[in-house]
Every structure is written in structure tokens, then in C-alpha cells.
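The residues making up each chain are set out below.
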Amino acid sequence: MAAEAAPKLNRKDFVADQDVRWCPGCGDYSILANVQRVMPELGVPRENIVFISGIGCSSRFPYYMNTYGFHTIHGRAPAFATGAKAANPDLSVWVVTGDGDGLSIGGNHLLHTIRRNLDIQILLFNNRVYGLTKGQYSPTSELGMRTKSSPHGSIDHPIDPISFALGCGATFVARTIDVDAPHLQQVLRRAHQHKGTSFVEILQNCPVFNDGVFSEVEDRKTRSESALVLEQGKPLTFGSAGRLKGIVMQNGLPQIIELADDDDPVERGVVVHDERQEMRSYASALATLKRPDFPVPVGVIREVEKPCYEEMLVGQVNAATEQNGRGDLKDLLNSGDTWEVS
Amino acid sequence: MTTKSVLKIDDVAIRFAGDSGDGMQLTGTKFTDETALAGNDLSTYPDFPAEIRAPAGTMAGVSGYQIHFSSKDIHTPADKVDLLVAFNPAALRANVEDVRSQGMVIINGEAFTKKALVRAGYSEDPLPDLTTRFNLVEIPLTSLNREALQGLALSQREVDRCKNFFALGLLCWLYQRPMEATERWLKGKFKDDVLEGNLRTLRAGHAFGETTELFPTHYTIPSAKIEAGTYRNITGNTALAWGIVAAGEQMNNPVFLGAYPITPASEVLHEVARHRNFGVKTFQAEDEIAAASATIGAAFAGQLAVTISSGPGFILKQEAIGLAVMVELPLVAINVQRAGPATGSPTKTEQGDLLAAIFGRHSQSPVPVLAPASPGDCFHTILEAFKLAVDFMTPVVVLSDGYLANSAEPWQIPDIDSLPRKPVSFAKAEDAENFQPYSRNSETLARPWAIPGTPGLEHRIGGLTKEDISGNIVYGPENHQHMVDLRAEKIARIANAIPPAEVEGPHSGELLVIGWGGTRGAITAAIEEARENGQEVSQVHLRHLNPFPSNLGEVLNRFDNILCPELNEGQLSMLLRSRYLVDVQPFSKIAGQPFKVSEIFERIDAILNQKD
């Protein structure tokens with residue numbers, strides 16, 4: 001493969017020559033830096049990497065990546081990505097979208113793209129607000145949120161991106177945090193490794209229109225209490241020494257129990273994380289954990305295997321060619337009943 | 001058995017009509033195939049309801065298939081038919097007024113019960129009146145068919161479903177058509193008693209014609225004088241599909257087709273999907289917008305890309321097509337137009353989307369627009385559309401219509417070597433040093449097609465206003481004006497790459513009839529009629545609606561009168577008037593039906609007489 005022979009790339013090779021134009025303090029800066037940092041580690045030739053976005057603050061992302069990039073139209077990035085990946089399955093395709101772009105105007109495309117399970121990555125930057133249009137409530141905004149378009153408070157019930165993705169049959173679902181660099185990078189690597197559609201919700205701060213919306217999990221001081229860090233095969237515990245807690249299931253519902261520092265959480269009945277659980281109910285239960293009653297799960301929530309759309313598509317082309325021979329245009333035009341006029 | 005007389009005639013039009021579950025479309029197509037094999041020129045017009053199975057026996061459920069065949073050159077399915085086969089009272093009521101005076105009407109007498117007459121909306125028995133106006137032939141179709149199928153292990157329902165082939169056999173006898181192709185088709189499609197049943201009733205229908213006293217005469221229609229070559233029947237939709245497959249072959253880059261099911265365009269998706277062994281990839285998207293978007297994504301990744309829809313779906317694609325204009329990627333967007341607005345009449349034809357195709361995106365968003373003129377022409381138009389799309393790096397819109405989609409005509413199968421062949425070429429890694437995503441070909445103004453996977457050409461494209469050459473985002477006023485002008489100029493230059501408008505008939509004179517798309521047959525037939533009448537009329541039929549052929553203004557100025565028949569409220573007329581300041585007389589029809597030859601002829605006649 002060309003990848004082995006190619007000179008080793010570093011973060012700077014993935015920095016485009018364009019000025020980044022997000023607001024100062026925007027969580028997107030951190031996400032961009034971490035994506036640029038992870039790219040050289042993936043072993044994918046740079047020319048095979050494609051970033052595709054819709055419309056919104058997050059969707060400016062491709063302009064800042066020195067890869068192939070396509071800034072498309074509002075909500076439709078997953079559909080553009082579908083065409084690109086189906087056309088050339090060798091490409092490493094990354095969709096960048098936001099809560100408005102992905103879950104409002106583009107909800108339908110997100111649903112069907114996840115369902116088809118193309119081998120692509122979808123990064124949904126969730127800041128629970130419309131930024132580029134200057135601060136209206138989004139489909140993930142909390143009920144009652146006051147914005148310019150909801151001066152009396154939002155009366156839309158919010159949608160949870162993780163539950164949405166699970167409902168679409170996603171084969172890889174993860175959540176991470178804009179400013180937690182090691183965690184974000186780890187999740188990006190896992191998303192890339194997964195064969196199938198990887199859906200990653202990135203909790204992202206909008207300092208202008210929704211500042212501090214995820215401050216509990218972004219702030220290192222409060223993170224241990226407010227985030228439930230998922231690790232495969234490890235019990236669902238959180239909190240710091242002396243204040244350890246765990247998640248148990250009672251009557252099918254998650255509950256928090258207090259743990260002593262020398263308790264064996266597993267013996268106490270704390271659930272052991274199994275991202276490979278085929279039954280979706282486990283991941284769905286995790287997705288229901290919300291502040292302030294529960295910590296927010298971050299990490300890989302689910303990873304299972306299913307055939308990929310583009311592989312099946314190419315498989316059908318190959319099978320048809322094997323079965324019927326390579327198509328011949330002359331034979332096609334002359335197929336069925338024809339007659340000669342002399 | 002008496003020997004029947006055989007009468008030689010030149011021209012016949014017939015129509016099969018029944019419930020949408022009676023198999024009228026199948027009967028019609030099989031008769032068409034046999035007629036083509038008999039060497040006649042032909043033109044067909046299927047007319048079916050939007051409902052898959054409307055309540056049996058009602059007017060809403062009537063499905064019809066008309067075929068016009070001749071020993072001469074013909075252009076339309078004919079205004080009036082010489083013979084109607086009506087399987088039930090509703091089919092009779094919906095169609096009988098299209099039968100010429102004293103034409104033949106064959107009915108299944110057993111279907112004319114009191115109850116069925118009421119269902120069809122007849123308050124009294126129509127037959128006594130019809131007998132005076134038509135040559136009414138009543139046959140006991142249901143029992144003749146049941147008799148023929150006795151002893152087979154088929155349910156009564158299955159038996160009755162075969163009766164359309166009894167009628168087909170009878171008509172094959174009546175017009176001396178062969179039946180081999182139909183028998184061959186049946187043998188490939190069915191087996192056991194279902195096959196046996198269909199074969200038996202087909203042959204029984206034929207034998208019935210031979211023996212019954214109801215038909216003293218049958219007819220022979222000599223073969224038409226047609227240019228030498230190999231021919232087949234083709235519908236517009238099949239021709240579009242094969243054009244798509246052919247484009248991939250001729251340009252050495254298998255096609256990606258993204259589509260969402262919609263009448264009357266879905267068949268193109270179905271047909272292309274069958275030919276995966278040509279490397280084509282079909283994608284049934286979640287909606288029209290995704291179909292267009294995925295197609296553009298495929299084009300970005302380096303595949304020849306096409307999306308197909310009909311009116312309402314085409315409009316949903318417009319934003320994505322606007323993006324393709326902005327990022328200058330090659331794309332073919334086909335609109336098989338149907339009667340609207342809104343859901344309108346999905347199975348009926350119209351030419352209502354010309355202005356929408358040219359102007360229907362926001363802002364200044366120029367695209368080339370082409371329209372095929374006949375079912376077979378759909379094939380060649382698609383090939384040209386792909387060539388223009390790639391040569392000029394632009395989306396190209398192709399406007400077919402419901403009439404072309406479903407109509408069939410004999411088509412001379414092109415010699416593959418005679419088709420344009422031009423493999424696509426992409427920007428190369430060797431050119432990385434000087435690569436600019438919006439550099440321009442000096443002749444066409446096209447930018448390079450640089451696809452992911454090519455080392456060194458990494459670049460970003462998008463919908464934001466950009467600087468020429470570099471593609472960097474720039475919002476300045478001068479740059480914006482420059483880019484708008486540049487995209488307009490690029491499309492205008494396509495006029496240099498298309499043939500000039502050809503005038504059929506005198507190159508100047510009293511009257512020019514100008515049309516576009518699927519109305520060519522009716523216009524040509526009307527002009528021929530006028531000429532037989534001693535009138536001098538010229539014709540221009542446009543395939544290129546944007547840009548127009550470069551000589552069009554000069555051509556229009558050579559005529560005293562210009563008549564423009566369209567199945568819309570004068571959209572081409574409006575364009576011609578505003579562009580060339582000529583007094584084009586629109587002739588509009590928006591009835592969901594194609595033009596009748598007589599309608600255009602009368603208009604021609606009126607213009608020429610009014611001058612005298």
C-alpha cells in the first residue's frame with residue numbers, strides 16, 4: 001500500500017491555509033485541533049480523507065482541514081457522504097454536522113445514513129443552540145430555554161442524539177467532550193477503527209449563545225461526579241475516592257448506589273459495561289442517564305457488527321458481473337425482440 | 001368455414017381499454033411488439049390511472065393502451081381510433097368518443113350487466129345508441145375464454161385473468177399480426193398451467209376470428225418503408241435508462257444513479273438497477289433531496305452521476321442542483337415531467353417545468369437544459385447531456401415527459417461505433433504543483449475535475465462565494481459579480497458546442513412552427529397534413545433550451561409568423577419573445593394529454609388563412 005511508503009505526516013500537514021473563523025472560546029477550536037492531531041495516526045493516506053459538512057458553525061470544519069473537503073447544503077451532508085463513499089469505498093469519509101443541521105433539517109438523512117451503515121464517521125457537535133443564525137433554540141435545547149425565537153421559553157421537547165442514533169440501528173455510538181483532549185482523541189480513533197457508520201456526539205460549548213451548557217462535564221473539577229466514563233469490561237462507577245458511586249439495574253431501570261472505597265463494585269451489583277451487547281436495550285438504558293439525576297455517560301456506548309452498504313453494493317456489482325459477464329452495450333441494445341429492415 | 005376476405009389498408013389506430021387489473025398495458029405492448037415485427041411504423045400511447053387498483057368497473061380504474069400503425073411514416077398515436085376493444089362498460093364510456101365515426105367497437109357483452117352499467121355511470125343501456133354511430137361487435141369474451149381453458153388446474157379467477165390474451169389473439173388475426181414473439185415471451189414468463197392457459201386462449205382468440213361470422217373481413221397492412229437497419233421497440237423511459245448505462249460505457253466511467261421512486265420516472269431506476277454488470281451503481285435514497293445530494297457526492301468522488309425524478313421531486317432537488325452550479329461539478333438531472341402543480345395527475349403528461357428548469361433555483365444559477373423529442377431520442381439526449389456536463393463541469397437538466405416515458409416507437413439501434421466516445425479525464429497528481437481547484441479551461445471555462453484519492457490535489461469546495469482560480473472564500477462585491485458573470489459565460493459558451501437549429505422545410509416564409517421535447521411527433525404530423533393541403537410551413541424543433549442554438553434568432557427573423565405549440569401556458573414562447581423580440585404566437589394545451597394532430601393543424605390553417 002502507498003500508505004506505508006508515504007512520508008510520515010504530522011498535525012500541521014492537516015492544517016489548511018485558511019483563517020479559522022469561529023468565535024473566540026468556541027468548543028470547535030478544540031475539536032479541530034484534536035481531529036488534526038489524530039489524523040496522522042490513522043494510517044490513511046491524506047488524499048483518501050474527505051470531510052463533508054452541511055451548514056452551521058460546525059460545518060465550516062472542512063475548510064480548515066488540509067484534506068479533500070466539501071461544504072454542502074443544510075442538513076444533507078450524510079447524503080453527500082453516502083454518494084462519495086458508494087462511489088469510492090476506499091475513501092475515509094468524515095461527516096461533520098451539528099444539532100440543528102443533523103437533527104433538525106437533516107434528521108431524515110442522518111436516520112437513513114446510520115441505518116445503511118456505510119463505513120463512515122459522523123461527528124455531531126452538540127451545543128444545543130443555533131449559532132450561525134444567531135441563537136435560536138435547537139432540537140436538543142432543553143424545554144423552557146429562552147432564546148430570540150423562544151422569548152417565553154422553548155416548548156419543543158428535546159431529542160437526545162445518542163438515543164436517536166441507537167434507534168436508527170447505529171453500529172457504533174459514542175459521546176465525548178470538546179475540551180477533554182485525550183478522551184476525544186481516543187473516541188475518534190475508535191470511530192475510525194469501527195467498520196460501519198460511527199456516530200459520535202461531541203458535547204460542545206457555544207460561548208456566545210449557550211455558554212456553560214455542558215460546564216459540569218467540561219470542568220475537570222466536576223467531571224468525575226457528572227460524567228460516567230465508559231470502558232469496555234469495567235463497572236459503571238463514577239465519583240472520586242471517598243465518594244464513589246455505581247450504577248445498578250433494578251427492575252430494568254438504572255439506579256445509583258453508594259460505594260465504599262474498598263467495595264468490589266461488581267460484587268455490589270454494579271453493571272459491567274458491555275459495548276458489544278447485541279440487545280439494544282442496554283445501550284438505550286445508558287442513553288437515558290441524564291443530569292442532574294445521573295452522570296452523563298461518555299465513551300463508546302455501543303459497537304456491533306453489521307454489513308456495510310458500500311460493500312454490499314460493490315458485492316452486487318461483482319456478483320452480477322460474475323454471473324452474467326461484463327455488460328456489453330451492443331448486446332443490451334439488441335436484447336429482446338428486434339427486426340431487420342433492408 | 002367460409003374464407004374471409006382480406007383488405008389491404010395503410011393506416012390503423014386501435015385502443016385496448018379495461019380495468020387497471022385487466023392487463024391492458026401488457027396486451028397493448030404485446031400487440032405493439034408483433035406489429036413492429038410485421039414491419040409497420042408505429043406509435044403508442046398508454047393511458048393509465050394513478051391508482052394501482054381503483055375499484056373494479058369504475059371510470060377511475062380504466063386503463064387504456066393505444067397503438068397507431070401504418071405502412072407509412074407516422075409520428076403520433078393518432079387523434080381518433082379505428083377500433084376500440086372495451087372490456088367493460090366503464091372502459092367503453094371512458095373511450096368510445098375517441099372512436100372515429102362508424103369505427104369498430106368490440107365489447108365483452110357478458111360484462112354489460114345492469115350492475116356494471118350503473119357502476120360505470122350509465123343510467124340507461126348505451127348500446128342501442130352506439131349501434132347507430134359505430135360498428136358494434138359484441139362477443140362473449142368471458143365464456144369463450146373459460147371454454148378454451150377447460151380442464152386446466154386454474155382457479156376461476158386465474159382463468160378469467162387470461163381473457164386479455166383471447167382479445168390479443170383475436171386482434172392478431174384481425175390485422176394479420178404474427179404471434180410468435182408473444183408465445184416466446186409467455187414461455188419465458190410462465191410455466192405449467194398458467195403458460196398453457198395463456199397460450200390456449202391466445203390461439204383460441206385467433207381461431208375465433210377465423211371462424212366466427214362476426215368478422216367477415218380482416219386486414220393486412222403492408223410494411224412501412226423504413227431506413228435499412230436493425231430495429232426494436234423502445235419507450236422513452238427504457239431509452240433514458242439505456243442512455244445512462246451507455247454513457248458509462250462510452251465515457252469509461254460507470255454511472256451512479258441516485259433516485260427516489262416517483263411516477264412516471266421510477267421505471268428508469270428499475271431498468272438501470274438491472275444492469276449492475278455494467279458497473280452501474282443505483283441508490284434508492286430516502287427522499288428526492290438525498291437522491292440529488294448523494295449523486296453530487298458521487299460526482300465529487302469521481303463518478304459519472306445522474307439523478308432522475310418528476311416535477312415535484314425535481315423541485316425538491318433544486319437547492320442541491322444550485323450547489324452543483326456553485327461548485328461546478330458534472331451532474332445530469334432528469335425530470336420526466338408530469339401534469340401539476342402539486343401532485344397533479346401523476347400519470348399524465350405536461351411540459352410545465354421548462355422555466356423551472358432554467359430559472360427555478362434561487363439567485364443566478366445557470367444550467368444547460370436539453371429535451372428529447374421522441375422515445376428513441378431520449379437515448380441520444382442522455383449521451384449528449386453527460387458529455388456537456390463533463391466538458392463544461394456543470395449540472396445539466398434533461399426534460400423528458402410522461403408521454404415520451406411510456407410511449408413506444410420503433411427505434412433504429414445505433415451502431416455502437418457511431419456513438420460519441422470520450423473517456424473522462426481527471427486532474428492528475430503530476431499537476432499537483434500548480435494545481436488550483438478553480439483554474440479554467442480557456443475555451444470552455446471548465447474547472448478541473450480533481451477527485452479524492454489523488455495525492456497532492458487536496459482542496460475544499462463548497463457553497464460559499466469563492467474566489468476564481470484559488471477557490472478560497474471571498475465575499476467582496478467585485479469578486480461576487482465576477483463569479484456570477486463567469487458562470488453565466490461558461491453556460492453561454494455551450495452554444496458553441498451544440499449544433500445550429502435546423503429548419504425543416506423552406507428556410508424562410510410565411511410560417512414557422514417551433515416546438516421542443518415530446519411534442520415533435522404531433523407537430524410534424526400536423527405540418528405534413530398542411531403540406532398535403534398545399535400549404536407551406538417550416539419547422540424547428542429544439543433539443544437545446546438553454547443555451548439556445550446560436551443561429552436561432554436569425555432563423556426566427558426569416559419568418560412572417562411563428563407558432564409555438566406547448567403543453568404549458570407558453571413558456572418557450574415567453575423565452576423566445578424576450579430573448580429575440582419576435583412575435584411568437586403561443587399555442588397552449590394543458591389537459592394532461594398530448595396534442596392531437598388536428599389541433600395543431602387547425603391552428604396552422606387558421607394562421608395561413610387569416611393572412612390571405
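Up top is the structure these notes are about.
Just so you know, these numbers come straight off a predicted model, no measurement behind them.

A.B. asks: Explain the overall build of chain B to me, and be specific about the residues and the numbers.
C.D. replies: A tally of regular secondary structure across chain B gives 21 helices and 22 strands. What you see for chain B is a C-alpha radius of gyration of 27 Å, in line with the 25 Å of a compact globule of 612 residues. Counting only C-alpha atoms and orienting by the principal axes, one finds that chain B spans roughly 90 × 65 × 45 Å. A buried classification covers 64% of the 612 residues belonging to chain B. In chain B, 77% of the contacts between residues at least 6 apart in sequence involve partners at least 24 apart. Taken as a whole, chain B presents about 23200 Å² of accessible surface, with 50% of it coming from carbon and sulfur. Within chain B, one finds 54 positive and 73 negative side-chain charges whose respective centroids are separated by 4 Å.

A.B. asks: Mind laying out the overall build of chain A, listing which residues take part and the relevant values?
C.D. replies: Within chain A one finds twelve helices and twelve strands. Each of the 342 residues in chain A was classed as buried or not, and the buried ones make up 56%. The contacts in chain A between residues at least 6 apart in sequence include a share of 65% that link residues at least 24 apart. A total of about 14700 Å² of accessible surface is found on chain A, and carbon and sulfur atoms cover 51% of it. If you average the places of the 34 positive and of the 42 negative side-chain charges in chain A, the two averages end up 5 Å apart.

A.B. asks: How would you explain the interface of chain B and chain A if you had to name every residue and give the values?
C.D. replies: Each side of the interface is counted separately: chain B has 71 residues, and chain A has 59 residues. Of the roughly 5400 Å² buried where chain B meets chain A, counting both sides, 61% is carbon and sulfur surface. Taken together, the links from chain B to chain A amount to four salt bridges. Scanning the region where chain B abuts chain A turns up 28 residue pairs in polar contact (both at pLDDT 80 or more). With eight residues, helix α12 (residues 288-300) of chain B is the single largest residue contributor to the side of chain B that touches chain A. Classifying every residue of the side of chain B that touches chain A by side-chain character gives 41 nonpolar, 18 polar and twelve charged.

A.B. asks: Run through the packing of aromatic side chains, naming residues and quoting values.
C.D. replies: Both the distance between ring centres and the angle between the ring planes are used here to describe each pair of aromatic rings. Within the structure shown, the criterion is met by 24 aromatic pairs over all chains. Judged by centre distance (6.2 Å) and plane angle (40°), the ring pair of Trp22(A) and Phe61(A) falls under tilted. On the criterion of sequence distance, the pair formed by Trp22(A) in the loop between α1 (2-5) and α2 (27-38) and Phe61(A) in the loop between β1 (49-53) and β2 (68-71) is long-range, its members being 39 residues apart. Residue Trp22(A) shares its accessibility class with Phe61(A), and that shared class is buried. By way of ring pairs, the aromatic residues Trp22(A), Tyr29(A), Phe51(A), Phe61(A), Tyr64(A), Trp94(A) and Phe125(A) are connected into one cluster. Above the ring of Tyr122(B), the side-chain terminus of Arg93(B) is found at 5.8 Å from the ring centroid. The aromatic ring of Tyr438(B) is capped on one face by Arg447(B), whose charged end is 4.7 Å from the ring centroid.

A.B. asks: Tell me about the side chain of Ser63(B), and please be specific about residues and values.
C.D. replies: Structurally, Ser63(B) is set in strand β4 (residues 62-70). Discounting chain neighbours no more than four positions away, the residues touching Ser63(B) are Phe16(B), Ala17(B), Gly18(B), Asp19(B), Ser20(B), Met24(B), Gln25(B), Asp47(B), Phe48(B) and Pro49(B).

A.B. asks: Quick one: what's the story with the nonpolar core, residue by residue and with numbers?
C.D. replies: Among the nonpolar cores identified, the biggest contains 164 residues, and Phe70(A), Ile334(B), Phe386(B) and Leu552(B) are the most heavily contacted of them. In terms of residue count, helix α15 (residues 377-392) of chain B provides more of this core than any other element does, ten residues in total. Excluding its chain neighbours within four sequence positions, the residues that come into contact with Phe70(A) are Phe51(A), Ile52(A), Ser53(A), Pro62(A), Phe80(A), Ile296(B), Phe300(B), Leu323(B), Val327(B), Leu329(B), Ile461(B) and Gly462(B). In terms of nonpolar packing, the next biggest core, distinct from the first, is built from 43 residues, Trp339(A), Val341(A), Leu83(B) and Ile221(B) among them.

A.B. asks: Explain the sheet that holds β4(B) to me, using residue names and the numbers behind them.
C.D. replies: Residue and element names in this part refer to chain B. In spatial order, the strands read β3-β4-β2-β5-β6-β7; together these six strands make up an open sheet with mixed pairing. Of all strands in the sheet, those with a lone pairing partner are β3 (41-47) and β7 (135-139), marking the two edges. Strand-to-strand, the axes of this sheet are offset by a mean angle of 15°, without reference to chain direction. As paired elements, strand β2 (residues 11-19) and strand β5 (residues 81-86) share four bridges and run parallel to each other. Of the residues in β5, the one forming a bridge with isoleucine 14 is leucine 83.

A.B. asks: Can you explain the environment of Leu228(A)? Please cite residues and give values.
C.D. replies: Residues and elements named next belong to chain A. With respect to the helices and strands, the residue leucine 228 is situated in strand β7 (residues 227-229). Counting along the chain gives 26 residues from leucine 228 to proline 254, while the straight-line C-alpha distance between them is 13 Å. Not counting residues up to four positions away in its chain, the partners in contact with leucine 228 are Leu236, Thr237, Phe238, Ile247, Leu286, Leu289, Pro295, Val296, Pro297 and Val298.

A.B. asks: I'd like to hear about the environment of Glu303(A), residue by residue, with values.
C.D. replies: All names here are of chain A. With respect to the helices and strands, glutamate 303 occurs in strand β11 (residues 296-303). Looking at glutamate 303, the relative accessible area reads 9%, which means it is buried. Each C-alpha atom, one on glutamate 303 and one on aspartate 101, is 25 Å from the other, the two residues being 202 residues apart in sequence. Not counting residues up to four positions away in its chain, the partners in contact with glutamate 303 are Thr171, Phe172, Arg190, His194, Glu275 and Arg276. Here arginine 190 takes part through its side chain, which lies 2.8 Å from a polar atom of the side chain of glutamate 303.

A.B. asks: Break down the packing of helix α1 (residues 24-37) of chain B against helix α8 (residues 180-189) of chain B for me, with residues and values.
C.D. replies: All names here are of chain B. Where α1 contacts α8, the two axes come as close as 8 Å, and the packing angle between them is 130°. The angle between the axes of α1 and α8 places the two elements in the oblique class. Counting all contacts with α1, which are made through Leu26, Lys30, Glu34 and Leu37, the residues of α8 involved are Glu180, Ala181, Thr182 and Trp185. When grouped by side-chain class, the residues that make up the contact of α1 with α8 number four nonpolar, one polar and three charged.

A.B. asks: Go over the state of the cysteines with me, naming the residues and quoting the values.
C.D. replies: Taken as a whole and assessed by the stated rule, the structure comprises zero disulfides over all chains. Among the cysteines around Cys206(A), which has no disulfide bond, Cys26(A) carries the closest sulfur, lying 6.5 Å off. On the accessibility criterion, Cys206(A) (8% relative accessible area) is buried. Here Cys172(B) stays free of any disulfide, with the sulfur of Cys162(B) as its closest cysteine sulfur at 16 Å.

Criteria and cut-off values
- One numbering rule holds for all chains: residues counted from 1, following each sequence as written.
- Labels are handed out in written order, letters beginning with A for the chains and numbers beginning with 1 for the ligands.
- Totals for whole chains, interfaces and linings use all residues, but because this is a predicted model, local features are given only for residues with pLDDT of at least 70 and pairs of side-chain atoms are given and counted only at 80 or more.
- The basis for every side-chain value is the complete set of heavy atoms in the structure, and neither hydrogens nor water enter the calculation.
- Working definition: helices are DSSP H or I runs of at least four residues, strands are E runs of at least two. Numbering for both runs from the N terminus.
- We compute the radius of gyration over the C-alpha atoms and compare it with the globule rule, which gives 2.2 Å times the number of residues raised to the power 0.38.
- Working definition: with a 1.4 Å probe on protein chains only, accessible area under 20% of the residue-type maximum means buried, over 50% means exposed, and in between means partly exposed.
- Whether two residues touch is decided by their heavy atoms; if any such pair falls within 4.5 Å, the residues are in contact.
- The Shrake-Rupley method, run with a 1.4 Å probe, gives the accessible areas here. Residue values count only the displayed protein chains as cover.
- The convention is simple: Lys and Arg are positive, Asp and Glu are negative, and His and the chain ends are not counted.
- Where a charge lies is defined by one atom per residue type: Lys uses NZ, Arg uses CZ, Asp uses CG and Glu uses CD.
- Summed over both partners, the accessible area (1.4 Å probe) lost when two parts come together is defined as the buried area.
- Each salt bridge in this description consists of a side-chain nitrogen of Lys or Arg and a carboxyl oxygen of Asp or Glu lying within 4 Å of one another.
- For the purposes of these results, a polar contact is taken to be a pair of N or O atoms within 3.5 Å, where, inside protein, one atom must be able to donate a hydrogen and its partner to accept one; residues adjacent in sequence count only when each atom of the pair is a side-chain atom.
- Gly falls in the polar group here, along with every residue not listed as nonpolar (Ala, Val, Leu, Ile, Met, Phe, Trp, Tyr, Cys, Pro) or charged (Asp, Glu, Lys, Arg).
- Centres within 6.5 Å are what make two rings of Phe, Tyr or Trp a pair, Trp counting through its six-membered ring; a difference in plane orientation under 30 degrees is then read as stacked, over 60 as edge-to-face, and the rest as tilted.
- To sit over a ring, a charge needs its Lys NZ or Arg CZ within 6 Å of the ring centre and within 35 degrees of the ring normal.
- Put simply, buried Ala, Val, Leu, Ile, Met, Phe, Trp, Tyr and Cys residues joined by side-chain atoms within 4.5 Å make one nonpolar core.
- Here, a strand pair is defined by DSSP locating no fewer than two bridges between the strands.
- A fitted line through C-alpha atoms represents every axis, and for helices the fit uses only the stretch in contact; the resulting angles, taken between N-to-C directions, go from 0 to 180 degrees.
- Oblique is the label for every angle not falling under 35 degrees (roughly parallel), over 145 degrees (roughly antiparallel), or within 65 to 115 degrees (roughly perpendicular).
- We call a pair of cysteine sulfur atoms a disulfide whenever their separation is within 2.5 Å.

Function cannot be read off these values alone, since they describe shape.
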